[in-house]
Amino acid sequence: MKLAPIDYFILALYFLFVIGIGWRLRKKATSSGEFLTSGRSMPVWITSLAFLAANLGAQEVIGMCASGAKYGIMTSHFYWIGAVPAMVFVGVFMMPFYYGSRARSVPEYLRLRFDEKTRGLNAITFAVMTIFSSGISMYALGILFQAVLGWSFTASVILSATIVLIYTYLGGLTSAIYNEVLQFFLIVLGFSPLAIMAVYKAGGWGGMKNHLDPVMVHSWKYLKDSSMNPMGVEVFGLVAGLGFVLSFGYWCTDFLVVQRAMAADSMAAARRTPLMAAFPKMIMPFIVIVPGLAAVALAHMSSGYVMPMKASGPDYDKVLTTLMAQFYPSGMLGIGLTALMASFMSGMAGNVTAFNTVFTYDIYQSYIRPGANDRHYLTVGRVTTLVGTGLSILTAYLAQHYNNIMDLLQLVFGFVNAPLFATFLLGMFWRRTTGHGAFTGLLSGTSAAALVHGLTVAEGKGGWITTIYNFPSTMAQNFWIAIFAWTTCFLVTIAVSLVTKPRPASELTGLVYGLTKIPDDGPEPWYKRPIPLAAVVCCVLILLNVWFR
């Protein structure tokens, strides 16, 4: 891949622009609340796009294209089953608890609902998860710089981390959110032409189907048995593991995305944020997954495109960049690479801002230095941004052991988000749930995830205790790890809650369903009311699943 001067100019212009946004907004980050939570002042169209863009990191864009090449159109389930239903649920049912409780973070909600030890456990596990997620984003951009510019992996990772560090350090969450909106439009602009060009070269959808295994072009048809599809899953494993546990665990409890909705300027805006974000989310498979499918078809057509390889087999993570090198001319290549930079910054900045908020409020303020003045916590938030970036660089090297970074990302979610969703589900909708039950359930769920991973093997990974079962794919293993983690947490939380004393109802107002006033939307038009908006989202979602069944 050779860059022309115009491509370097476009990249440099983008770098200057995002740093300029951070510099311009630095004066709005003069308190810890403004730096870490944006002061709950964002309009709904900004928070909606940021809600979506926070999940459009490099691991999402490169990883989904890689999964499209590895698993086919079944990868769309990560959107149509593994995202949108949960986005509807969090908007309609869960945001009133998050926003209404005035909690500054998801762990802080756990403290208000349960107790301090439950908040502390989640804060620590979430902080670790965000570091891993940010590191995966760094890895993705590291291999991009390595392939495009010929730099070493280490130099590539350090440079890319420095760029995003500057604007998050200057402007905090507000800077990150405004940049995420810019990055969303760049991602669409940078990758839509690639999808169109690759599909056109492969002869359109019909031509692609002629050069692909039939299992690659159907989303539901080959799910009767795990041996029938490359993902190695069956209907139950997909729906329960991805569609319920991993999906709801991420979109409903992960502070990275919830933080964007909580930055909205009103309760109504916070509830509409994930619902409005669901519409572009449903379109994203056509932009990031279809190019992966087209790459496989082109490789089978002797079209001049060759699937990238590494020692262990196909290197799916490089499919997107090799397609760009094949199809994009000078100038357009610069826009495509800028879109990749944007996806990286979107994902990494989201993780860094979530990490510094949780560490500052839920770990440092709670356990290390309570009662300090606000300026002290602002300084800690800025320093934590630096430290989080440094730790992320270290975890970037772990991603090198996977040929599809989405496999690693879903594994991390299975350990953290899957049991956490069981805790939230019981905590928000069963007032009998106790703090002792929630804490024990979370520990048990995470332990169950580790146990399943240690006793099973998939693609040479896992089995560090012994091997009692072999999964056909890493993704199938991830789904079942999530199922066991959620189920264990759910059952243990119920059992312990039944033998421990619950908090009185008077202390749970605004935190539990039935004790929380759900806001009346009044005479607003239908598209500003959560229930009608959710109904439209569901209708479109059903149509897409039927069309590509």
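For the structure itself, consult the block above.
In this text, all values refer to a predicted model and were calculated from it rather than measured experimentally. (Residues numbered from 1 in each chain as written. Predicted model: local features only at pLDDT ≥ 70, side-chain atom pairs only at ≥ 80, totals over all residues. Heavy atoms only, no water.)

Visitor: Whenever I open this one, the overall build of the protein chain confuses me. Can you help?
Guide: Scanning the protein chain from N- to C-terminus turns up 21 helices and five strands. Its C-alpha atoms give the protein chain a radius of gyration of 22 Å, near enough to 24 Å, the size a compact globule of 549 residues would have. Along the first, second and third principal axes, the C-alpha atoms of the protein chain reach 70 × 55 × 55 Å. In the protein chain, which comprises 549 residues, the share counted as buried stands at 63%. (Helix = DSSP H or I, 4+ residues; strand = E, 2+ residues; numbered from the N terminus. Rg over C-alpha atoms; globule rule 2.2 N^0.38 Å. Buried < 20%, exposed > 50% of the residue type's maximum accessible area, 1.4 Å probe, protein only.)

Visitor: Looking at this model, I keep getting lost on the sheet that holds strand 3 (residues 456-458). Mind explaining?
Guide: Within a sheet, adjacent strands bond to each other through the backbone by hydrogen bonds, running parallel or antiparallel. Read from one edge of the open sheet, three strands run 4-3-5, paired in mixed fashion. If you trace the sheet from one side to the other, it starts and ends with strand 4 (461-462) and strand 5 (469-471), each paired once. Relative to strand 4, strand 3 is paired through two bridges, and the arrangement is antiparallel. Along strand 4, the bridge assignment pairs A458 with K461. Sitting on the sheet, helix 20 (residues 474-498) touches strand 3, strand 4 and strand 5, and the angle it makes with strand 3 is about 145°. (Pairing = 2+ DSSP bridges. Contact = heavy atoms within 4.5 Å. Axes fitted to C-alpha atoms, helices over the stretch in contact; angles between N-to-C directions.)

Visitor: It is not clear to me how unusual backbone geometry should be interpreted in this structure. Could you clarify?
Guide: Trans peptide bonds make up the majority, and among non-glycine residues the majority have a negative phi. Residues other than glycine seldom take positive phi values, yet E459 does so here, at roughly 55°. The residue E459 is located in the loop between strand 3 and strand 4 in this model.

Visitor: Would you take a moment to explain helix 1 (residues 5-25) for this structure?
Guide: Along an α-helix, residues three or four apart share an orientation, since each turn contains 3.6 residues. Under the 1.5 Å per step criterion, the end-to-end length of helix 1 is 30 Å for 21 residues, consistent within 8% with the ideal 30 Å. All buried positions along helix 1 are accounted for by D7, I10, L11, Y14, F15, V18, I21, G22 and L25. Each buried residue of helix 1 lies within a common arc of 135° when the element is viewed along its axis, so the set occupies one face. Exposed residues on helix 1 whose side chains face more than 90 degrees from its buried face are P5, F9, L16, W23 and R24. (Expected span 1.5 Å × (residues − 1). Arc of directions from axis to C-beta.)

Visitor: Even after reading the chapter, I still don't get the side chain of S497, so can you show me in this structure?
Guide: The residue S497 is located in helix 20 in this model. On the accessibility criterion, S497 (0% relative accessible area) is buried. There is a polar contact of 3.1 Å between the side chain of S497 and the backbone nitrogen of T434. Apart from residues lying up to four places away in sequence, S497 is in contact with W430, R432, T433, T434 and G437. (Polar contact = N/O pair within 3.5 Å; in protein donor to acceptor, adjacent residues only side chain to side chain.)

Visitor: I keep staring at the packing of helix 13 (residues 267-288) against helix 21 (residues 530-547) and nothing clicks. Help me out?
Guide: The description of two packed helices rests on the angle between their axes and on the distance between the axes. Where helix 13 meets helix 21, the closest approach of the two axes is 9 Å, and the angle between their N-to-C directions is 15°. Considering the angle they form, helix 13 stands roughly parallel to helix 21. Judged by the sense of rotation from one axis to the other, the crossing of helix 13 with helix 21 is left-handed. On the side of helix 13, the interface is formed by R271, L275, M276, A278, F279, M282 and F286, while helix 21 contributes P530, L533, A534, V536, V537, V540, L541 and L544. Of the residues that constitute the contact of helix 13 with helix 21, the class distribution is 14 nonpolar, no polar and one charged. (Parallel < 35°, antiparallel > 145°, perpendicular 65-115°, else oblique. Left-handed = near helix turned anticlockwise from the far one by under 90°. Nonpolar A, V, L, I, M, F, W, Y, C, P; charged D, E, K, R; others polar.)

Visitor: For this particular structure, what's the right way to read empty space enclosed by the protein?
Guide: Tallied over the entire structure, the rule returns three cavities of 30 Å³ or more. Considered as a void within the structure, the largest cavity measures approximately 170 Å³ in volume. Breaking the lining of the largest cavity down by element, the ones donating at least two residues are helix 4 (58-71), helix 5 (77-80), helix 11 (235-253) and helix 18 (405-429). Considering each element in turn, the lining of the largest cavity owes the most residues, five residues, to helix 11. In terms of residue class, the lining of the largest cavity is built from eleven nonpolar, four polar and two charged. (1 Å grid on protein atoms, 1.4 Å probe; cavity = no way out; pocket = protein on both sides within 12 Å on 5 of 7 lines; lining within 4 Å. Points joined across faces, edges and corners; volume = space filled by probe spheres on them.)

Visitor: Teacher, can you tell me more about the pattern of salt bridges here?
Guide: Pairing of side chains with opposite charge becomes possible as their charged atoms draw close. Per the counting criterion, the structure on display carries seven salt bridges. In this structure, R119 and D362 form a salt bridge, with 2.4 Å as the shortest nitrogen-oxygen distance. Within this pair, whereas R119 is found in helix 8 (residues 116-149), its partner D362 is found in helix 16 (residues 332-368), the two being separated by 243 residues in sequence. In this structure, the salt-bridge partner of R260 is E180, at a minimum N-O distance of 2.7 Å. A residue pair is termed long-range when its members are at least 10 positions apart, and R260 in helix 12 (residues 255-262) and E180 in helix 9 (residues 153-201) qualify at 80 residues. Like R260, the residue E180 is buried in the burial classification. Taken together, the shared-partner salt bridges connect E116, R119 and D362 into one network. (Salt bridge = Lys/Arg side-chain N within 4 Å of Asp/Glu carboxyl O.)

Visitor: Would you take a moment to explain the layout of surface pockets for this structure?
Guide: In this structure, the largest pocket occupies an estimated 240 Å³ of space. If you trace the largest pocket, you find it lined by A195, I196, V199, W205, K209, V217, H218, F286, V290, W547, F548 and R549. Secondary structure elements with two or more residues in the lining of the largest pocket: helix 9 and helix 10 (204-210). Sorting elements by how many residues they give to the lining of the largest pocket places helix 9 first, with three residues. Residues belonging to the lining of the largest pocket are distributed by class as follows: nine nonpolar, one polar and two charged.

Visitor: Is there a simple way to explain the environment of M282 in this structure?
Guide: Note that M282 resides in helix 13. The exposure class of M282 is buried, given its relative accessible area of 1%. The spacing of M282 and L242 is 40 residues in sequence and 16 Å in space, taken between C-alpha atoms. If sequence neighbours within four positions are ignored, M282 has contacts with W80, V84, V537, V540, L541 and L544.

Visitor: How should I be thinking about the environment of H211 in this particular structure?
Guide: In this structure, H211 sits in the loop between helix 10 and helix 11. You can call H211 partly exposed: its relative accessible area is 33%. Note: C-alpha distance between H211 and V296 (85 residues apart in sequence) is 8.3 Å. When sequence neighbours within four positions are dropped, the list of residues in contact with H211 reads A297, H300 and M301.

Visitor: Explain a nonpolar patch on the surface here, please?
Guide: Among the surface-exposed residues, Y169, V383, L386, V387, L391 and L394 lie close enough to one another that they form a single nonpolar patch of about 510 Å² accessible area. Ranked by residues supplied to the nonpolar patch, first place goes to helix 17 (residues 374-396) with five residues. You can see Y169 is positioned in helix 9. Judged by relative accessible area, which is 32%, Y169 ranks as partly exposed. (Patch = residues over 30% accessible without salt bridge, like charges linked within 9 Å, V, L, I, M, F, W, Y side chains within 5 Å. Areas by Shrake-Rupley, 256 points an atom, 1.4 Å probe, with all protein chains shown as cover.)

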